[in-house]
Amino acid sequence: MKRGTHPATAMLGHGHAPGDASGSLKPPLYPTSTFVFPNAAEGKRCFELAYGLRPPTPGEAPGMVYSRLSNPGLELLEERLALLDRTASGLSFASGMAAISTVFLTFLRPGDVLVHSRPLYGGTDHVVTSLLDEFDVARVELSPGMDEAEIEARVVAAGGRLGLAFLETPANPTNALFNIEMVSRVAHAHDAPLAVDNTFLGPVWQSPAALGADLVVYSATKFLGGHSDLIAGVVTGSEDLVGEVAATRAFLGTMSDPWTAWLLTRSLETLHLRMERQADNARRLVEAIGGHRSIRRLSYLGLLRSGTPEGDLFTRQCRGPGSMISVWFADEGAAYRFLDALEVVRLAVSLGSTESLAQHPASMTHAGCDPEARERLDVTDGLVRISVGIEDYADLHGDVLAALDRV
Ligand code: PLP
């Protein structure tokens, strides 16, 4: 691509040369499991690079072998994902959980310590608190207000080698913020990488790599895909660390398939457009419903004020408040009455899509989390999570206010 350096422009053509594809303006799809070698020596050369048996010579292209290892459509998508996060490399996965678990399996070994924020998306919470525990990985749980000295003291007290730090910020489902720069300093002092789940704000509103994250992780099912029609995951970061994750992915087989990668590549063309419209709708909606009598409390990043610790962190870390709203009602009954009265906003889990979605974390996405932790982390029975879509604002406004009146 010759002109246009902004990622929004790059998403429209970067990495695709129409001359290599019969002039096709759009990149082709390669639905193939395997690739034909022109001769046996070339097959040997491709495997040497794919399996890391020797480093590439300067300028040597890896070559296509088998779609668990590489596919032209995935490579194009991955180049664009890296551009969005302003990192050197990117990888696509079969789901957000595939991306997260591949990162865990790359950097954690029995006896290691994992530092992690909480709350976490329910699936990640399960892997961290149950599955990794069975593999003898100890964990240090961070809460939003903890300072650097306290985190450091807890890491030292945990005893083992710090294998990985993992933050989900803003946190699903409460919008709690965690300090990326601070946790990266602690992780790096122990020679451990920091991975940040950037699903909630996406590359449009937050660039964790610029704040010290070594790896950025996404459920691409959400804003990146954006149409509730695919499941995918992403990891971006430095060439070295992404290379390590790629080696694990090649053997676990957690990559995305060519068709999903193609759909995701298409979705990225409208990423900025969608996320800006979603944020605009969310900001207007919060202004309209903020004082409603049925709402006990509301969390939206756009409400944070500078001069408060969270507000100042938001200003340093994020370029915009995104479009996720957490609303606390009196109890489960009130939350359910609200959800059941919605018509334009759909009652469904997931987020970041063109259509607005609302759900009840305590009994849905976070139903598997330990009830004591849920209560402590503010994931109470009265909480409803709303993901604001791209609908006409007046329709959204009318629907949500009518539902609030019926609580
Ligand atoms: N991370 C976050 C913040 C999520 O919200 C989700 C899913 O809701 C995931 C990870 C897991 O992604 P997936 O459902 O694509 O596996």
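Structure first, text after, so check above.
These numbers were taken from a predicted model, which means no experiment stands behind them.

Asker: For this particular structure, what's the right way to read helix H9 (residues 239-252)?
Answerer: Note: α-helices contain 3.6 residues per turn, so residues at a spacing of three or four share the same orientation. Along its 14 residues, H9 runs 20 Å from first to last C-alpha, staying within 8% of the 20 Å computed at 1.5 Å per residue. Turning to H9, its buried residues number three or more, namely Leu241, Val242, Val245, Thr248, Arg249 and Ala250. Next to the buried residues of H9 lie helix H3 (72-85), strand S1 (89-93), helix H4 (96-107), strand S6 (215-219) and strand S7 (233-237). Positive backbone phi, approximately 75 degrees, marks glycine 253, located one or two places after H9.

Asker: When you look at the pairing of strand S9 (residues 324-328) in this model, what are you seeing that I'm missing?
Answerer: A regular strand carries its side chains on alternate faces of the sheet. Buried residues dominate S9, accounting for five of its five residues. Burial of the side chains of S9 extends over both faces: Met324, Ser326 and Trp328 are buried on one face and Ile325 and Val327 on the other. Summarising the sheet, strand S8 (residues 297-299) and S9 pair through three bridges and their orientation is antiparallel. In the strand pairing of S9, leucine 298 is matched with valine 327. Pairing geometry for S9 and strand S12 (residues 383-387), over five bridges, is antiparallel. Bridge assignment links tryptophan 328 to a residue of S12, and that residue is leucine 383.

Asker: It is not clear to me how a nonpolar patch on the surface should be interpreted in this structure. Could you clarify?
Answerer: Residues Phe37, Phe47, Tyr51, Leu53 and Phe251 make up a contiguous nonpolar surface patch of about 520 Å² in total accessible area. Along the chain, phenylalanine 37 falls in the loop between helix H1 (7-10) and helix H2 (40-50).

Asker: Even after reading the chapter, I still don't get the site of the ligand, so can you show me in this structure?
Answerer: Lining the immediate surroundings of the ligand are 14 residues, of which Gly96, Met97, Asp197, Ser219 and Thr221 lie closest. Between the ligand and the protein, one listed contact pairs a nitrogen atom with a side-chain N or O atom of aspartate 197 at 2.7 Å. One of the side-chain N or O atoms of lysine 222 is found 3.0 Å from an oxygen atom in the ligand. The fraction of the free accessible surface of the ligand (390 Å²) that becomes covered by protein chains is 92%. A per-element tally of the shell around the ligand places H4 first, with three residues. Of the residues in the shell around the ligand, the class split is five nonpolar, six polar and three charged.

Asker: Got a minute to help me understand unusual backbone geometry in this structure?
Answerer: The bulk of non-glycine residues show a negative phi, and the bulk of peptide bonds are trans. Along the chain, arginine 118 connects to proline 119 via a cis peptide bond; the corresponding omega equals 15 degrees. Secondary-structure assignment places proline 119 in the loop between strand S2 (113-117) and helix H5 (122-134). The residue after threonine 169, namely proline 170, is reached through a cis peptide bond having omega -5 degrees. Considering the arrangement of structural elements, one finds proline 170 in the loop between strand S4 (162-168) and helix H7 (180-189).

Asker: Even after reading the chapter, I still don't get the sheet that holds strand S11 (residues 357-359), so can you show me in this structure?
Answerer: Sheets are built from strands paired through backbone hydrogen bonds, the pairs being either parallel or antiparallel. Taken together, the five strands give an open sheet; going across it, the order is S8-S9-S12-S11-S10, and neighbouring strands pair in mixed fashion. Two strands in the sheet have a free side with no partner beyond their single neighbour: S8 and strand S10 (346-347).

Asker: Explain the pairing of S4 to me, please; I cannot follow it from the model alone.
Answerer: Among the seven residues that make up S4, seven are buried, leaving the element largely enclosed by the rest of the structure. Note that S2 and S4 share four bridges and pair parallel. Bridge pairing in S4 places valine 115 opposite alanine 165. By the bridge criterion, four bridges tie S4 to strand S5 (residues 194-197) in an arrangement that is parallel. Bridge pairing links phenylalanine 166 to alanine 195 in S5. Following the chain from S4 across H7 to the adjacent parallel S5, one finds a crossover that is right-handed.

Asker: What exactly am I supposed to notice about the nonpolar core here?
Answerer: As a rule of thumb, soluble globular proteins bury nonpolar side chains together. Core analysis: the biggest nonpolar cluster contains 33 residues, and Leu224, Leu264, Leu268 and Leu271 have the highest contact counts within it. Those elements that place two or more of their residues in this core are H3, helix H8 (202-205), S6, helix H10 (258-268), helix H11 (271-289) and helix H12 (309-317). In terms of nonpolar packing, the next biggest core, distinct from the first, is built from 26 residues, Tyr300, Val388, Ala403 and Leu404 among them.

Asker: I would appreciate a short explanation of the pattern of salt bridges in the present structure.
Answerer: Any two side chains of opposite charge can pair, so long as their charged atoms come close to each other. Scanning all chains against the criterion turns up 17 salt bridges. A salt bridge links lysine 26 to glutamate 269; the nearest nitrogen and oxygen atoms lie 2.7 Å apart. Placement of the pair is lysine 26 in the loop between H1 and H2 and glutamate 269 in the loop between H10 and H11, with a sequence separation of 243 residues. Glutamate 269 sits in the partly exposed class, given a relative accessible area of 25%. Taking the shortest distance from any N to any O, the salt bridge between glutamate 141 and arginine 376 comes out at 3.0 Å. Remark: arginine 376 occurs in helix H14 (residues 371-376) and glutamate 141 occurs in strand S3 (residues 138-142); sequence separation between them is 235 residues. Each member of the salt-bridge network shares a partner with another, and the members are Arg118, Asp125, Arg139, Glu141, Glu372 and Arg376.

Asker: Before we go on, may I ask you to explain the layout of surface pockets in this structure?
Answerer: Counted as a void, the largest pocket has a volume near 1,100 Å³. Together, 35 residues line the largest pocket, and Leu49, Pro62, Glu75, Gly243 and Ala246 are the ones closest to its centre. If you list the elements that add at least two residues to the lining of the largest pocket, you get H2, H3, S1 and H9. Residues that form the lining of the largest pocket fall into these classes: 19 nonpolar, seven polar and nine charged.

Cut-off values and rules
Residues numbered from 1 in each chain as written. Predicted model: local features only at pLDDT ≥ 70, side-chain atom pairs only at ≥ 80, totals over all residues. Heavy atoms only, no water. Helix = DSSP H or I, 4+ residues; strand = E, 2+ residues; numbered from the N terminus. Expected span 1.5 Å × (residues − 1). Buried < 20%, exposed > 50% of the residue type's maximum accessible area, 1.4 Å probe, protein only. Contact = heavy atoms within 4.5 Å. Pairing = 2+ DSSP bridges. Patch = residues over 30% accessible without salt bridge, like charges linked within 9 Å, V, L, I, M, F, W, Y side chains within 5 Å. Areas by Shrake-Rupley, 256 points an atom, 1.4 Å probe, with all protein chains shown as cover. Salt bridge = Lys/Arg side-chain N within 4 Å of Asp/Glu carboxyl O. Near = heavy atom within 4 Å. Polar contact = N/O pair within 3.5 Å; in protein donor to acceptor, adjacent residues only side chain to side chain. Nonpolar A, V, L, I, M, F, W, Y, C, P; charged D, E, K, R; others polar. Right-handed = clockwise from strand over helix to strand, strands pointing away. Core = buried A, V, L, I, M, F, W, Y, C linked by side-chain atoms within 4.5 Å. 1 Å grid on protein atoms, 1.4 Å probe; cavity = no way out; pocket = protein on both sides within 12 Å on 5 of 7 lines; lining within 4 Å. Points joined across faces, edges and corners; volume = space filled by probe spheres on them.

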